[in-house]
Amino acid sequence: MRDSALPGPSRIAHFTDTWLPRRDGVVTSLQTLDRQLRAAGRQSLVVVPRHRDAVAEPGQSLHTLRSLPCGVGQLRLAPLPGRRHTDAIAGWEPDLVHVHTVGPIGLLGVYAATRLGVPLVHTYHTDLHAYADAYRVPTRALQLAVAAYRRRLAPGGRRPAMRTVGDNPRRALVDEGLRLLFGQSDAVVLPTRAILDRVRLPVPADRLHVLPTGVEGRTVRSSEVMAFRQRHGVSTRDRLVLSVGRVTAEKGIDLLLPAFARVLAAEPRARLVLVGTVYDREALSAALRASGLGRRVVLAGELAPQRVAAAYAAAVQSGGVLAFASRTDTQGLVLSEAAHAGLPCVMVDAELLAAGPLAGAALCAPATTAGFGAAIERLLANPVLAGALADRARRAVLAHTPQAYVTSMLSIYAAAAGVRDRMAA
């Protein structure tokens, strides 16, 4: 039954270009929101790319669209939306549209909200400028994407502004894409204020809302920790330096590997465990051979959430640390997961540390091999400091529960509906 004490719409349609079996922060955040909305008596529809291995949870409503693999992890892309896609969404009669990504299905969400005349909410999950640079997306590809989005959202509108020589044309095109996708938003959710230091969104300040995703800790049995160790050849003598997330350039693998080499020289029992999808396994294998780290690095691959929790627990038991080398994350859900498990963290993103859910409770290091490596060494060698940081971090994240998350999100939905009502008046 719907909780009438909570504000907000009754029927919310979510749109995402990333979904199971792929696992990332967007999927985790949206799964949490969808479950909590249903628990609060709302009806929630999740529009996702079709995949034969994606199965809906009990009570979950999925609307799948034909999609094709794009060669990046398990990411799949659907065709650009048209009227027939919107008609299918219209039949569900949503009160509000919530867009979580900026690919074709995210575009469908914006397109559907416009055609149906319902409030539009975005969550800015991904630092698009950083990813465009990290993957060296060709300018021509961005031009074609912006042109396609303009045809759907602003037919007859102006061309993307290409800056003068010396400016960054890739950034200009990303900005134009953001203008098209976010310019009609009634509310935009920012997981942390750190995003505002990196990007200027084309949305009035009073429509921006900061809301980190709520994360709950997981109970892990000793048998699950033992199984993790056995499966990945991790000894009880190893001091685990754990990294959770895609093993890619934008997540800082190029910084993490040489920093770990420094750690290993000081602590021979150190073992680097990489939990996450490896996009370029050949390049990573070559880097490990060249560095001589191969035998001290475990490639655990992408794991289900309970097995990730077992990895955190194993790292805690070993007196280890979470090494968070990314400078592109908008919130870093793994930071909260590790904090719940009692695992201290070393990171290099000072803005995210200050503005994120850890509230400063981690060791921040310069983004250099020497600086990052020295900070990891320091926590491994100082259990009192490591324990104090872990305790502070855990207390900080306990306030960000999934239940509090959905309550705040429903208030944002109500605010977005109010914006739409004022515009229509």
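Residues numbered from 1 in each chain as written. Predicted model: local features only at pLDDT ≥ 70, side-chain atom pairs only at ≥ 80, totals over all residues. Heavy atoms only, no water.

Peer 1: Any chance you could break down empty space enclosed by the protein for me, citing the residues and the numbers?
Peer 2: Evaluated as defined, the whole model comprises one cavity of 30 Å³ or more. Around the largest cavity sit D17, T18, W19, L20, P21, R22, P49, H51, Q74, L75 and R76, which together line it. Each residue belonging to the lining of the largest cavity can be placed in one class, and the counts come to five nonpolar, three polar and three charged. (1 Å grid on protein atoms, 1.4 Å probe; cavity = no way out; pocket = protein on both sides within 12 Å on 5 of 7 lines; lining within 4 Å. Points joined across faces, edges and corners; volume = space filled by probe spheres on them. Nonpolar A, V, L, I, M, F, W, Y, C, P; charged D, E, K, R; others polar.)

Peer 1: Break down the environment of L256 for me, with residues and values.
Peer 2: One can find L256 in helix α8 (residues 253-266). Its relative accessible area of 3% is what places L256 among the buried residues. Remark: the alpha-carbon pair of L256 and A325, spanning 69 residues in sequence, is separated by 6.2 Å. For L256, the contacting residues outside a window of four places in its chain are S243, L272, L274, A323, A325 and F372. (Helix = DSSP H or I, 4+ residues; strand = E, 2+ residues; numbered from the N terminus. Buried < 20%, exposed > 50% of the residue type's maximum accessible area, 1.4 Å probe, protein only. Contact = heavy atoms within 4.5 Å.)

Peer 1: Could you give an account of the pairing of strand β10 (residues 239-244), with specific residues and numbers?
Peer 2: The element β10 is extensively covered by neighbouring structure, given that six of its six residues are classed as buried. Burial along β10 is two-sided: R239, V241 and S243 facing one way and L240, L242 and V244 facing the other are all buried. Inspection of the sheet shows β10 paired to strand β11 (residues 270-275) by six bridges, in the parallel sense. The residue of β11 that forms the bridge with V241 is L272. (Pairing = 2+ DSSP bridges.)

Peer 1: An account of the packing of helix α11 (residues 333-341) against helix α14 (residues 383-397) is needed here, citing residue identities and associated values.
Peer 2: Viewed as axis vectors pointing N to C, α11 and α14 meet at an angle of 115°, and their least axial separation amounts to 8 Å. Judged by the inter-axis angle, α11 sits roughly perpendicular to α14. Where α11 crosses over α14, the handedness of that crossing is left-handed. Across the interface between the two elements, S336, A339 and H340 of α11 pack against A393, R394 and V397 of α14. For the contact of α11 with α14, the residue count by class is three nonpolar, two polar and one charged. (Axes fitted to C-alpha atoms, helices over the stretch in contact; angles between N-to-C directions. Parallel < 35°, antiparallel > 145°, perpendicular 65-115°, else oblique. Left-handed = near helix turned anticlockwise from the far one by under 90°.)

Peer 1: Residues and numbers for the nonpolar core, please.
Peer 2: Core analysis: the biggest nonpolar cluster contains 39 residues, and F15, V47, Y124, L178 and L201 have the highest contact counts within it. Setting aside anything within four residues of it in sequence, one finds Y124 in contact with H129, L178, F182, V189, L190, P191, I195, V199, L201 and T330. Membership of the second largest hydrophobic core comes to 34 residues, among which are A310, A311, F324 and M347. (Core = buried A, V, L, I, M, F, W, Y, C linked by side-chain atoms within 4.5 Å.)

Peer 1: With reference to specific residues and values, describe the layout of surface pockets.
Peer 2: One number sums up the size of the second largest pocket: a volume of about 270 Å³. Every residue lining the second largest pocket is counted, 15 residues in all, and those nearest its centre are V247, T248, A249, I253 and D280. Looking at the lining of the second largest pocket, the elements with two or more residues in it are α8 and α9 (281-291). Taken together, the residues of the lining of the second largest pocket sort by class into 11 nonpolar, one polar and three charged.

Peer 1: Would you mind going over the side chain of E267 in detail, with residue names and values included?
Peer 2: Among the structural elements, E267 can be located in the loop between α8 and β11. In terms of polar contacts, E267 uses its side chain to reach the backbone amide nitrogen of R269, at 2.9 Å. Other than its neighbours up to four places away in sequence, E267 contacts R239 and L380. (Polar contact = N/O pair within 3.5 Å; in protein donor to acceptor, adjacent residues only side chain to side chain.)

Peer 1: How would you sum up the sheet that holds strand β1 (residues 11-15)? Please name residues and give values.
Peer 2: Strand order across the open sheet formed by seven strands is β3-β2-β1-β6-β7-β8-β9, with parallel pairing between neighbours. Strands with a single pairing partner mark the edges of an open sheet, and in this sheet they are β3 (61-65) and β9 (208-210). Across this sheet, the average inter-strand angle for adjacent strands is 20°, counted without regard to direction. Here strand β6 (residues 96-99) pairs with strand β7 (residues 120-123) via three bridges, running parallel. Paired with H98 across the two strands is V121, which belongs to β7.

Peer 1: So what about the pattern of salt bridges? Which residues, and what values?
Peer 2: Evaluated as defined, the whole model comprises 17 salt bridges. The partner of R179 in a salt bridge is E176, and the shortest N-O contact between them spans 2.7 Å. Of the two residues, R179 and E176 are both situated in helix α6 (residues 169-182); the distance of three residues between them amounts to about one turn of the helix. Overall, R179 belongs to the partly exposed group, its relative accessible area being 29%. A relative accessible area of 4% means that E176 is categorised as buried. For the salt bridge of R239 with E267, the shortest nitrogen-to-oxygen distance reads 3.5 Å. Here E267 lies in the loop between α8 and β11 and R239 lies in strand β10, a separation of 28 residues in the sequence. The two residues R239 and E267 agree in class, both being buried. Residues joined by salt bridges that share partners form a network here, namely D34, R35, R38 and E57. (Salt bridge = Lys/Arg side-chain N within 4 Å of Asp/Glu carboxyl O.)

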